[in-house]
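Notes for the structure review
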Amino acid sequence: MAAETTREESKAKKQKPREIKFRCQLCGKDKPLQEMVSITRFRPVLVVCQDCAREMR
Ligand SMILES: [Zn+2]
């Protein structure tokens, strides 16, 4: 039983660094989803990071 718990813990640790990241279409940097902004003024919609979205205003 103890061995099973340890195995599950290591499995969870392995998945932890897996973070959803998007590539900014302007600067090409990978940023977490919370920092991405979609510019709906453009077609197709432009997905950029917060820094680039600020510069575009
Ligand atoms: Zn950017």
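In the block above lies the structure referred to throughout.
Residues numbered from 1 in each chain as written. Predicted model: local features only at pLDDT ≥ 70, side-chain atom pairs only at ≥ 80, totals over all residues.

Observations regarding the overall build of the protein chain
- In terms of helices and strands, the protein chain carries 2 helices and 4 strands.
- Counting from the amino terminus, helix and strand elements in the protein chain follow one another as α-β-β-β-β-α.
- Across the 57 residues that make up the protein chain, the buried fraction comes to 5%.
- Partitioning the contacts of the protein chain with sequence separation of at least 6, the portion at a separation of at least 24 is 16%. (Helix = DSSP H or I, 4+ residues; strand = E, 2+ residues; numbered from the N terminus. Buried ≥ 20, exposed ≤ 12 C-beta atoms within 10 Å, placed from the backbone. Contact = placed C-beta atoms within 7 Å.)

Digging into the pairing of strand E4 (residues 46-49)
- Judged from the 4 bridges that link them, strand E3 (residues 36-39) and E4 form a sheet pairing that is antiparallel. Within E4, the residue paired with Ile-39 across the bridge is Leu-46.
- Following E3, the chain reverses through 6 residues before pairing antiparallel with E4. (Pairing = 2+ DSSP bridges.)

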